Amino acid sequence: MFGTMTIDQRNLLAKACADQPDRPIMVLDDAAIAYLATTGGGQFPTTERILLPFAATNPYHPHAIGNVPQEMFFGRRHELHQVIDDYGTSLLYGGRQLGKSALLQAAARQFELVPERVAVYLSLPVGFGSTDQVDDLWSMIADKLDQRGIVPLQRRRRDSAQFVEAAVTAWLEANPSRRLLYLLDECDMFFDADAKTGFRHTTRLRELMNTTKRRFKPPVFAGLHQVQRFAHLPNQPLAGAHFGDPIVIGPLSPDPAYRLMFTPMETLGITFESDELVHRVLAYCNYQPKLLQLVGDALVRESLSRPGTEGPDYLIRDEDLERVIGSDTVQRKVRETVQLTLELDSRYKLIALIVALDALDNGADHTVDTNTLRDTCHEWWPDGFPHRGPDEFRSLLSEMSGLGVLSERNGRWRLRSSNVLRLLGTKETIEDELCGENWKDKVTRLSAEHVRRTLKDGSISPLTERQLATVIERANRLLLVVGTPAAGINRIQLLLNEEADRIGARFTIHKAGSPARFRRELTGGTAGDRHRVVVSDLSGTRLENAIGSLQQALDMMPNAGVTRTVVALVDVSTSDLLTHPDAPHLAGFTDQVIAMRRLSADGLRSWAVSENEKVSRFSDAASQKLLMDATGGWPTLLDEAAQLVAVGRSARRVCELLTGGVATGR
């Protein structure tokens, strides 16, 4: 407007905008122009700071999924760099509504600030991979490329995968400065479906990156717990040093969380009576961006709706904050957000409720050890934990930590924040929920976790890919692998050696063949070296010597900057550790025990459809069922089946021979 508004006019403007919050307006008068010309520096944020307090707008949008304006995106600088960098991460995972989609879209905006760079974002529809053909991914990618003008010279082909490859290659070759970043969101079901094809689609996208010399970065995949499970598999196509480390997207760190709550409020002319109130909001929201947006939205609405307000400056006092966060609407929405993550898997819900009960009995800071927690969960729901494998249960706890629900300290667990405890309910309501049946409806498993590779000698791997990932994970710890020759315990060393020899392996193997060598390996290594895996076979060791070795593994820690995992192999058929009447309980040494087991149906299926020609006759479901019935999933019998096929036996005849051999004890 021409002229200068008076103070009363500005306050009337603020009041009028507050009465109609859906129609904010910024008025630029002569005084504002003069101020900006002399001190603004041409920066629009300065304009916002002097005009927005009178516009009564609300920048908080808790229900804008992923589409967060740049000025409302705080923190995640390291993660942004990793997503954009050619050699950065290819996998993001975290709990619901923690900001994964917002991060991907912020990365797309930042990537395109450089000329000749294009970022394409695609969110897969709900259930993709279970309700759709996984091959449809290529058609969806092709449609996105069409929208951005990235098309090959020739007409679109019937094979969408070939079309995508041709389109990307031709577009990049037309200008050496061009770069393409593809961002794929909501990938949980896609990975499970792609695993059943041997990761054919993920591998094809990776190969497109190689042929374009990394000018095309294969999709940065983002998702929930299934992506987290996929990220930790050693054999998945994006594993290895050349594809970056997977990144966990959890709650915001304190500084960006504070700025998300304080900076927009200050810009609007809304101030907190004390800093303590801001930190109370952060604690209430568990530093989660969605919840901070939710409470921020409610606080702005409350400030602008006060009767008799003459205009800014608006002050948030203790009673104002309590009124907002104590309202039924805000509490219900916060509770729903927390429950969304727990409802991903009914086992998550049970574990959270059990830990909450312990906290209500013993205090919010009290922790529960893994074995006690596993036993208690099994008592409440045996069908939810049919195998009761310590390694499988601990994986669930680690997933919940990655999703921002649990926190670990020295192998003991607690809820990440007291706010989560409060939202789960009182002792009485939690016990009532546990006694009900409504929550026992969803157990999710990534079929790729049950995959077993074929070793170079043609035998089947003694461990699943998930178990192998646990063994080689970087950490200072003692881990027991317990099994029998029938389960393949005598091939653990072979498996680890082959994995360590892979290109890009991040660990080295150290076999302790004598007590003296074992002690040296426990404290060996140099800071900055790759992770060390020290293997010791205790199967034939006398009880007192085996106990001494386990205690040394706990007491003798490596030098600073060195990590090492001690893998103690225990053959249950011969080891005194499990058969001697005076043997101690292994839980006294570690809660990390990998129980070798027979193949599951998913594991057998993945092995039967692998590139191992010896088992090609078991590629159909009917022959796989016959094989499972004949072998019970025991690795040693499956290896025998492969040898029989190699000499020309039919699938049915192989199963007959195995069944007869088992029946006669051969």
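Everything quoted here is computed from the prediction, not taken from an experiment.

Asker: Help me understand the overall build of the protein in this model?
Answerer: In terms of regular secondary structure, the protein is built from 29 helices and 15 strands. In terms of its C-alpha atoms, the protein occupies a principal-axis envelope of roughly 100 × 70 × 50 Å. Here the protein, with 666 residues, has 53% of them falling under the buried criterion. Excluding contacts between residues fewer than 6 apart, the proportion of contacts in the protein whose partners are at least 24 apart in sequence is 75%. About 30000 Å² of surface is accessible on the protein, with carbon and sulfur atoms providing 51% of the total. In the protein, 78 positive and 85 negative side-chain charges are present, and the distance between their average locations comes to 6 Å.

Asker: Teacher, can you tell me more about empty space enclosed by the protein here?
Answerer: Where empty space is left becomes clear once a probe the size of a water molecule has been rolled over the atoms. One pass over the structure, following the stated rule, counts 8 cavities of 30 Å³ or more. A volume near 110 Å³ is recorded for the second largest cavity. As for the second largest cavity, its lining consists of Gly95, Arg96, Leu98, Gln288, Thr337, Val338, Thr341, Leu342, Leu403, Gly404, Val405 and Val420. With 4 residues, helix 15 (residues 328-342) is the single largest residue contributor to the lining of the second largest cavity. Partitioning the lining of the second largest cavity into residue classes produces 6 nonpolar, 5 polar and 1 charged.

Asker: Just to check I follow, could you spell out the environment of aspartate 85 for this structure?
Answerer: Secondary-structure assignment places aspartate 85 in the loop between helix 4 (77-84) and strand 1 (91-93). Counting along the chain gives 456 residues from aspartate 85 to threonine 541, while the straight-line C-alpha distance between them is 50 Å.

Asker: Looking at this model, I keep getting lost on the sheet that holds strand 9 (residues 406-409). Mind explaining?
Answerer: Pairing between the strands of a sheet is mediated by backbone hydrogen bonds and can be parallel or antiparallel. Strand order in the open sheet made by the 3 strands is 8-10-9, with antiparallel pairing throughout. Either end of the sheet is taken by a strand with one partner, and the two such strands are strand 8 (368-369) and strand 9. Relative to strand 10 (residues 412-415), strand 8 runs antiparallel, the two sharing 2 bridges. Considered in strand 10, the bridge of aspartate 369 is made with arginine 412.

Asker: How should I be thinking about the pattern of salt bridges in this particular structure?
Answerer: When the charged atoms of two side chains with opposite charge come close together, those side chains can pair. All chains considered together, the criterion is met by 29 salt bridges. Measuring nitrogen to oxygen at the nearest pair gives 2.8 Å for the salt bridge that ties glutamate 433 to lysine 349. One end of the pair, glutamate 433, is in helix 20 (residues 427-435); the other, lysine 349, is in helix 16 (residues 346-362), and 84 residues separate them in sequence. The partner of arginine 542 in a salt bridge is glutamate 544, with the nearest N and O atoms 2.6 Å apart.

Asker: Help me out: how do you make sense of the packing of helix 26 (residues 601-608) against helix 27 (residues 621-631) in this one?
Answerer: Angle between the axes and distance between the axes: these two values describe a pair of packed helices. With their axes 11 Å apart at the nearest point, helix 26 and helix 27 run at an angle of 120° to one another. Our classification of the angle between helix 26 and helix 27 gives oblique. Note on packing geometry: the crossing formed by helix 26 with helix 27 is right-handed. Facing Ala601, Leu604, Arg605, Trp607 and Ala608 of helix 26, the residues of helix 27 in contact are Gln624, Leu627 and Met628. Classifying every residue of the contact of helix 26 with helix 27 gives 6 nonpolar, 1 polar and 1 charged.

Asker: Explain helix 21 (residues 465-472) to me, please; I cannot follow it from the model alone.
Answerer: Note: α-helices contain 3.6 residues per turn, so residues at a spacing of three or four share the same orientation. Most of helix 21 sits inside the fold, with 8 of its 8 residues counted as buried. Along helix 21, the positions that sit buried rather than exposed are Glu465, Arg466, Gln467, Leu468, Ala469, Thr470, Val471 and Ile472.

Asker: What should I look at first to understand the nonpolar core in this one?
Answerer: As a rule of thumb, soluble globular proteins bury nonpolar side chains together. Judged by nonpolar contacts, the single largest core of 98 residues is most densely connected at Met261 and Ile351. If you tally residues by element for this core, the top one is helix 16, at 10 residues. The contact partners of isoleucine 351, leaving out residues within four places of it in the chain, are Leu373, Cys377, Phe393, Leu396, Leu397, Met400 and Leu406. Counting residues in each nonpolar core, the second largest holds 39 residues, with Leu122, Leu145, Ala161 and Val168 among its members.

Asker: So what exactly am I meant to see when it comes to the pairing of strand 9 here?
Answerer: Side-chain direction in a regular strand flips from residue to residue, so the side chains alternate between the two faces of the sheet. Both strand 9 and strand 10 contribute to a ladder of 4 bridges, which runs antiparallel. The residue bridging glutamate 408 from the neighbouring strand is tryptophan 413, located in strand 10. What sits between the antiparallel neighbours strand 9 and strand 10 is a turn of 2 residues, in which asparagine 410 has the positive phi angle 55°.

Asker: What is the right way to look at unusual backbone geometry in this model?
Answerer: For residues other than glycine, phi is negative in most cases, and the peptide bonds are mostly trans. The phi angle at arginine 76 is positive, at roughly 60°, despite the residue not being glycine. Structurally, arginine 76 can be placed in the loop between helix 3 (44-51) and helix 4.

Asker: Whenever I open this one, the pairing of strand 14 (residues 564-571) confuses me. Can you help?
Answerer: A large share of strand 14 lies buried, amounting to 8 of its 8 residues. In terms of strand pairing, strand 11 (residues 477-483) meets strand 14 through 7 bridges, oriented parallel. Bridge assignment links leucine 478 to a residue of strand 14, and that residue is valine 566. Pairing of strand 13 (residues 531-537) with strand 14, which is carried by 6 bridges, proceeds in the parallel orientation. Across the sheet, residue valine 533 finds its bridge partner in strand 14, namely threonine 565. Read from strand 13 through helix 24 (residues 543-555) to strand 14, the crossover connection turns out right-handed.

Asker: Sorry if this is basic, but what is going on with the side chain of arginine 394 here?
Answerer: Along the chain, arginine 394 turns up in helix 18 (residues 390-402). A distance of 2.4 Å separates a polar atom in the side chain of arginine 394 from a polar atom in the side chain of glutamate 408.

Asker: Got a minute to help me understand the sheet that holds strand 2 (residues 117-123) in this structure?
Answerer: One open sheet accounts for 5 strands, arranged 2-3-4-1-5; its pairing is parallel. Each having just a single partner strand, strand 2 and strand 5 (247-248) make up the two edges of the open sheet. Helix 7 (residues 160-173) rests against strand 2, strand 3 (179-185) and strand 4 (216-223) of the sheet, and its axis sits at about 145° to strand 3.

Asker: Can you walk me through the environment of leucine 277 in this structure?
Answerer: Inspection of the secondary structure puts leucine 277 in helix 12 (residues 275-284). The spatial distance from the C-alpha of leucine 277 to the C-alpha of leucine 494 is 58 Å, given a sequence separation of 217 residues. Setting aside anything within four residues of it in sequence, one finds leucine 277 in contact with Phe272, Ile316, Arg317, Asp318 and Leu321.

Asker: Can you help me understand the packing of helix 6 (residues 136-147) against helix 7 in this one?
Answerer: At a closest axis distance of 8 Å, the pairing of helix 6 and helix 7 adopts a crossing angle of 35°. In this structure, the crossing between helix 6 and helix 7 has a hand that is left-handed. Between helix 6 and helix 7, the residues in contact are Trp138, Ser139, Ile141, Ala142, Leu145 and Asp146 and Ser160, Ala161, Phe163, Val164, Ala167 and Val168, respectively. For the contact of helix 6 with helix 7, the residue count by class is 9 nonpolar, 2 polar and 1 charged.

Asker: What exactly am I supposed to notice about the packing of aromatic side chains here?
Answerer: Within a pair of aromatic rings, the relevant descriptors are the distance that separates the centres and the angle that separates the planes. A complete count under the given rule lists 4 aromatic pairs for this structure. By the ring-pair criterion, three or more aromatic residues cluster together here, those being Phe190, Phe191 and Phe221. Just above the ring of tryptophan 138 sits the side chain of arginine 204; from NZ or CZ to the centre is 5.8 Å.

Calculation notes
Along each chain, numbering runs from 1 in the same order as the chain's sequence is written. pLDDT decides what is reported in this predicted model: residues at 70 or higher carry local features, side-chain atom pairs at 80 or more are listed and counted, and totals for whole chains, interfaces and linings draw on all residues regardless. Side-chain numbers here rest on the full set of heavy atoms in the structure, without hydrogens or water. To qualify as a helix, a DSSP run of H or I must reach at least 4 residues; to qualify as a strand, a run of E must reach at least 2; elements of each kind are numbered from the N terminus. Think of it in three bands: residues with accessible area under 20% of the maximum for their type are buried, residues over 50% are exposed, and the middle band is partly exposed, with areas taken using a 1.4 Å probe on protein chains only. Note on definitions: a residue-residue contact is assigned when non-hydrogen atoms from the two residues lie within 4.5 Å. For every accessible area listed, the method is Shrake-Rupley and the probe measures 1.4 Å; residues are considered covered only by the protein chains on display. By the counting rule applied here, Lys and Arg register as positive and Asp and Glu as negative, while His and the ends of each chain are not counted. For charged residues, the charge sits on one atom: NZ in Lys, CZ in Arg, CG in Asp, CD in Glu. Every definition here rests on a 1 Å grid over the protein atoms only: cavities are sets of points where a 1.4 Å probe fits but cannot get out, pockets are open sets enclosed by protein on both sides within 12 Å along at least five of seven lines, and lining residues have some atom within 4 Å of a point. Grid points are joined across faces, edges and corners, and a volume is the space filled by probe spheres set on the points. Gly falls in the polar group here, along with every residue not listed as nonpolar (Ala, Val, Leu, Ile, Met, Phe, Trp, Tyr, Cys, Pro) or charged (Asp, Glu, Lys, Arg). Strands pair, by our definition, only if DSSP identifies at least two bridges between them. Any carboxyl oxygen of Asp or Glu that lies within 4 Å of a side-chain nitrogen of Lys or Arg is treated as forming a salt bridge with it. As a rule, the C-alpha atoms of each element are fitted with a line to give its axis, helices using only the stretch in contact, and angles between N-to-C directions run from 0 to 180 degrees. For this classification, under 35 degrees means roughly parallel, over 145 means roughly antiparallel, 65 to 115 means roughly perpendicular, and everything else is oblique. In a left-handed crossing the near helix is turned counterclockwise from the far helix by less than a right angle, and in a right-handed crossing that turn is clockwise. Within this scheme, the nonpolar core is defined by two criteria: the residues are buried Ala, Val, Leu, Ile, Met, Phe, Trp, Tyr or Cys, and they are joined through side-chain atoms within 4.5 Å. When the strands point away from the viewer, a crossover counts as right-handed if the route from the first strand across the helix to the second turns clockwise. By the criterion applied in these results, polar contacts are pairs of N or O atoms within 3.5 Å in which, for protein atoms, one can donate a hydrogen and the other can accept it, and in which residues neighboring in sequence qualify only through two side-chain atoms. Stacked, tilted and edge-to-face are the three classes applied to pairs of Phe, Tyr and Trp rings, where Trp contributes its six-membered ring and a pair requires centres within 6.5 Å; stacked means planes under 30 degrees apart, edge-to-face means over 60, and tilted covers the rest. We call a charge positioned over a ring when the NZ of a Lys or the CZ of an Arg lies within 6 Å of the ring centre and within 35 degrees of the ring normal.

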